[in-house]
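Below are the chains, spelled out letter by letter.
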Amino acid sequence: MSELANYESFDIEVKDQIAHVQFSRPDALNTMNKAFWLELPRCVQDIEANTDARVIVISSTGKHFSAGMDLGVFSDPKSVPMSGDPGRMAENLRRVVLQLQDTLTSLERVRLPVLAAVHGGCIGGALDLVCAADSRYCTADAYFTIKETELGMTADVGTLQRLPKLMPEGVVRELAYTGRKFGAEEAHRLGFVNTVYESQEAMLEGVMAIAAQIAANSPLAVTGCKEMINFSRDHSVEDSLKYMATWQSGMFRPTDMMKSFQAKAQKQAPVYDDLFPVKDLFSN
């Protein structure tokens, strides 16, 4: 297992095959600054390539999970020019937004399940982020908001595309059009979060227990589940069934199943091999 890089925006601990990623800028309300957007996909790739983690838990520090996008991201004239030819400015801004979207899509793209543990405010861009996680959990004091509408813009890095797949569309439309906050109870009732906990400590304990259950399963079976659920969300049932059959014909081998049967017969927990690490092409 290689040494993980140091990150300005995150603290990472890998223990018992669980990678715990904590936002580490509580004094700035964990706003998503330029470093955040650059570091998140690198952090996820680092965990996947250089650790034995089988699941990622994302949590935060301080008063809020995250106050969302740091407006400084768009105030740098080198990144987002605000003068010159309108067509060229528009083309540049489109590429910037696509890059920001891709940062959050890294949570879907990674083979490992990603569990988001939210306390306090999950605002604007932070909601975009947790929508890209596999499952969400929160404390009783947590709240969520599509804040961009109140600021005079349309949310553009994932909430409007993913949230309607996670909650009733009519509710999502109301939340988007009004920008109002929705709290833990409403989020749970609508199925956006799996469980509501009384405190952050209780939440982390509960989410880590769920992560441990995931990590104890065959990593090949788990990554197959993630691949299929993501594909099925965006394709027809017929196409998804065909992809499932093709995946199974290539990926299914009886090795892990036999380990499961043998462990059950011996009244022991099965021990599964890790997946091969994800590496850059031709890297050692």
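Residues numbered from 1 in each chain as written. Predicted model: local features only at pLDDT ≥ 70, side-chain atom pairs only at ≥ 80, totals over all residues. Heavy atoms only, no water.

## A closer look at the packing of helix 8 (residues 219–234) against helix 9 (residues 237–251)
When two helices pack together, their arrangement is captured by the angle between the axes and the distance separating the axes.
So, step 1. One way to put it is that helix 8 packs onto helix 9 with a least axis distance of 10 Å and a crossing angle of 160°. Classified by the angle their axes make, helix 8 and helix 9 are roughly antiparallel. By crossing handedness, the relation of helix 8 to helix 9 is classed as right-handed. Counting all contacts with helix 8, which are made through L220, G224, E227, M228, F231 and S232, the residues of helix 9 involved are D239, S240, Y243, M244, W247 and M251.
So, step 2. Of the residues in the contact of helix 8 with helix 9, the class split is 7 nonpolar, 3 polar and 2 charged. (Axes fitted to C-alpha atoms, helices over the stretch in contact; angles between N-to-C directions. Helix = DSSP H or I, 4+ residues; strand = E, 2+ residues; numbered from the N terminus. Parallel < 35°, antiparallel > 145°, perpendicular 65-115°, else oblique. Left-handed = near helix turned anticlockwise from the far one by under 90°. Contact = heavy atoms within 4.5 Å. Nonpolar A, V, L, I, M, F, W, Y, C, P; charged D, E, K, R; others polar.)

## Focus on the packing of aromatic side chains
Any pair of aromatic rings gets described here by the distance separating the centres and the angle formed by the planes.
So, step 1. Applying the stated rule across the entire model yields 11 aromatic pairs.
So, step 2. Summarising the aromatic geometry, the rings of F144 and F192 are spaced 5.3 Å apart at their centres and angled 90° between planes, so their arrangement reads as edge-to-face. With F144 in strand 7 (residues 143–145) and F192 in the loop between helix 6 (184–189) and strand 9 (195–197), this pair connects stretches of sequence that are 48 residues apart.
So, step 3. A relative accessible area of 0% means that F144 is categorised as buried.
So, step 4. Assessed through its relative accessible area of 0%, F192 is described here as buried.
So, step 5. Grouped by ring-pair contacts, the aromatic residues Y7, F10, F23, F36, W37 and F65 constitute a single cluster.
So, step 6. Stacked on the ring of Y143, the Lys or Arg K181 has its end atom at 4.4 Å from the ring centre. (Phe/Tyr/Trp six-rings, centres within 6.5 Å; stacked < 30°, edge-to-face > 60°. Buried < 20%, exposed > 50% of the residue type's maximum accessible area, 1.4 Å probe, protein only. Lys NZ or Arg CZ within 6 Å of the ring centre and 35° of its normal.)

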